[in-house]
Amino acid sequence: MKAQVLHDIGDIRYEEVPLPELKEGWALVKVMAAGVCGSDIPRIYRTGAHVHPLIPGHEFSGQVIKTFSGESVWDGKRVGVFPLIPCGECDCCRKHLYEMCSSYNYLGSRCDGGFAEFVAVPEWNLMELPDNVSYRQAAMLEPMAVAVHAVRQFVIDRDSSVCIIGLGTIGLLISMFLKAEGVKRVCVVGNKEAQRKHAGSLGIHAEDYYTDIQSAGKHRFDYVFECVGKNETLIQAINIAAPAGHIIFVGNPYSDMDIPKDIYWKILRKQLKVSGTWNSSYQADSDDDWHYVLKHLSEGDIHPEELITHEYALSDIVKGMDIMRDKTEDYVKVMCVNP
Ligand SMILES: [Zn+2]
Ligand SMILES: [Zn+2]
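Quick caveat, the model's predicted, so the values are computed rather than measured.

Asker: Whenever I open this one, the pairing of strand β15 (residues 273-276) confuses me. Can you help?
Answerer: Across a regular strand the side chains alternate sides, sitting on one face of the sheet and then on the other. Sheet topology places strand β14 (residues 241-249) next to β15; 4 bridges connect them, and they run parallel. Along β15, the bridge assignment pairs I248 with S275. In this fold, the crossover linking β14 to β15 by way of helix α9 (residues 261-269) has right-handed handedness.

Asker: I keep staring at the coordination of the zinc ion (ligand 1) and nothing clicks. Help me out?
Answerer: Around a metal, the perfect tetrahedron of four donors has angles of 109.5 degrees, and the perfect octahedron of six donors has angles of 90 or 180 degrees. For the zinc ion (ligand 1), the protein coordination sphere consists of C37 (SG), H58 (NE2) and E59 (OE), at 2.1 to 2.6 Å. Along the chain, the residues that donate to the zinc ion (ligand 1) are spaced as C-x20-H-E. With C37 in the loop between β3 (26-36) and α1 (40-47) and E59 in strand β4 (residues 59-67), the pair connects residues that are 22 residues apart, well separated along the chain. Using a relative accessible area of 2% as the deciding quantity, one classes E59 as buried.

Asker: Teacher, can you tell me more about the sheet that holds strand β13 (residues 221-226) here?
Answerer: Working definition: the strands of a sheet are paired by backbone hydrogen bonds and lie parallel or antiparallel to each other. One open sheet holds the 6 strands; their spatial order is β12-β11-β10-β13-β14-β15, and the pairing between them is parallel. The sheet is open, and its two edges are formed by β12 (209-210) and β15, each paired on a single side. Across the sheet, helix α5 (residues 169-180) is in contact with β10 (161-165), β11 (185-189) and β13; its angle to β10 comes to roughly 160 degrees.

Asker: When you look at a nonpolar patch on the surface in this model, what are you seeing that I'm missing?
Answerer: A grouping of I259, Y264, W265 and L268 is seen on the molecular surface, where their side chains present a nonpolar patch of about 390 Å² in accessible area. Structurally, the position occupied by Y264 is in helix α9. Exposure remark for Y264: the relative accessible area of 47% places this residue in the partly exposed category.

Asker: Honestly, the domain arrangement of the chain in this entry has me stumped. Any pointers?
Answerer: Reports of interface size often rely on the accessible area that becomes lost once the parts have come together. We note that the domain assignment places domain 1 (2-144 + 281-337) and domain 2 (154-276) within the chain. Here the C-alpha centroids of domain 1 and domain 2 sit 28 Å apart. Domain 1 puts 16 residues into the contact, and the matching count from domain 2 is 12 residues. Summing both sides of the interface, domain 1 and domain 2 together bury roughly 1,300 Å²; the carbon and sulfur share of this comes to 71%. Contact with domain 2 buries area across many residues of domain 1, yet L307, D330 and V332 alone supply 37% of it, more than any other trio. Across the contact surface, domain 1 and domain 2 share 0 salt bridges.

Asker: Would you mind going over the packing of aromatic side chains with me for this structure?
Answerer: Describing an aromatic ring pair means giving the distance of the ring centres and the angle of the ring planes. The full count for this structure, using the stated rule, is 9 aromatic pairs. A ring pair is formed by Y98 and W124, whose centres lie 5.1 Å apart and whose planes are at 80 degrees; its orientation type is edge-to-face. Of this pair, Y98 sits in the loop between α2 (91-94) and β7 (105-106) while W124 sits in the loop between β8 (118-122) and β9 (126-128); the two residues are 26 residues apart in sequence, bridging distant segments of the chain. Accessibility expressed as a relative area gives 11% for Y98, which makes it buried. An aromatic cluster is defined as three or more aromatic residues linked by ring pairs; in this entry it consists of F82, Y98, W124, Y282 and W290. Taking NZ or CZ as reference, K2 lies 5.9 Å from the ring centre of Y14, over its face.

Cut-off values and rules
- Residues numbered from 1 in each chain as written.
- Chains lettered and ligands numbered in written order.
- Predicted model: local features only at pLDDT ≥ 70, side-chain atom pairs only at ≥ 80, totals over all residues.
- Heavy atoms only, no water.
- Pairing = 2+ DSSP bridges.
- Helix = DSSP H or I, 4+ residues; strand = E, 2+ residues; numbered from the N terminus.
- Right-handed = clockwise from strand over helix to strand, strands pointing away.
- Donors = N, O, S within 2.8 Å, 3.2 Å for Na, K, Ca; no water.
- Buried < 20%, exposed > 50% of the residue type's maximum accessible area, 1.4 Å probe, protein only.
- Contact = heavy atoms within 4.5 Å.
- Axes fitted to C-alpha atoms, helices over the stretch in contact; angles between N-to-C directions.
- Patch = residues over 30% accessible without salt bridge, like charges linked within 9 Å, V, L, I, M, F, W, Y side chains within 5 Å.
- Areas by Shrake-Rupley, 256 points an atom, 1.4 Å probe, with all protein chains shown as cover.
- Salt bridge = Lys/Arg side-chain N within 4 Å of Asp/Glu carboxyl O.
- Domains from an automatic or database assignment.
- Buried area = accessible area lost by both parts, 1.4 Å probe.
- Phe/Tyr/Trp six-rings, centres within 6.5 Å; stacked < 30°, edge-to-face > 60°.
- Lys NZ or Arg CZ within 6 Å of the ring centre and 35° of its normal.

Structure (structure tokens):
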């Protein structure tokens, strides 16, 4: 089969590789759509993956072509994929908090992922797609579940005011879910024209769109989602949180964070609740983030596919990765699609 193989930092090649071998309980999935995650860019160009050679890509959907046993209920099914393979033995796994597993495997960063014609996936990680959910939508299940995980840790009522700092995929998806839940005051901070357009189509009012963090600073919010991961935005998140407000750190940090004393005081005096969020909950068959997202998708009240700005064939997906690395064009979601 053909795949995009990462051999070393910055050395990704489109080449012929053997079909993945199936272990017991695993299925072979024909990849139909695979999104490029923001985290793939440093993985491919700056830090490398956990092992090389590796096929990256952890946001994908497809169809089960065969299973190890050959007689599984999954044969032929259209599926979305939870990319984390938990150890099953650590304390978090025993509590079914798999997103915090201490020794997990991960499709697309620790073992081969979705930038290939086929990928091997444990059946436990498969989610059947309803007929009205497209492969493109299902390739966005992972970032949507990450967004939902950040939101669902709180009971955010409709009259709360919320600010989302940073309008990459996750920031936009958080806004999308809050609007879908009927939260009236959702403000966003974004600095690209494409982001403004998407915010508008999510129903965010023009006056609630700030192009820089300073102009949001005049207001106070019950919830602030920090989706950038920079020192400047962390400080501003503390500034704009209302007394007794919540700050949720979502963005992966670019560098060390340094909080000046007068800003630190505000956490105390405003009695802020500061939370982190990581990954998403998945328990296969229950009320987890993934099933919550799939339900919204099948009911048609969210349209994440509108965030896809660039589509490529598998052979050309590196062009999209280069755009994300060099920021030569505005983008939200870059996706590799099997026609
Ligand atoms: Zn991702
Ligand atoms: Zn574990």
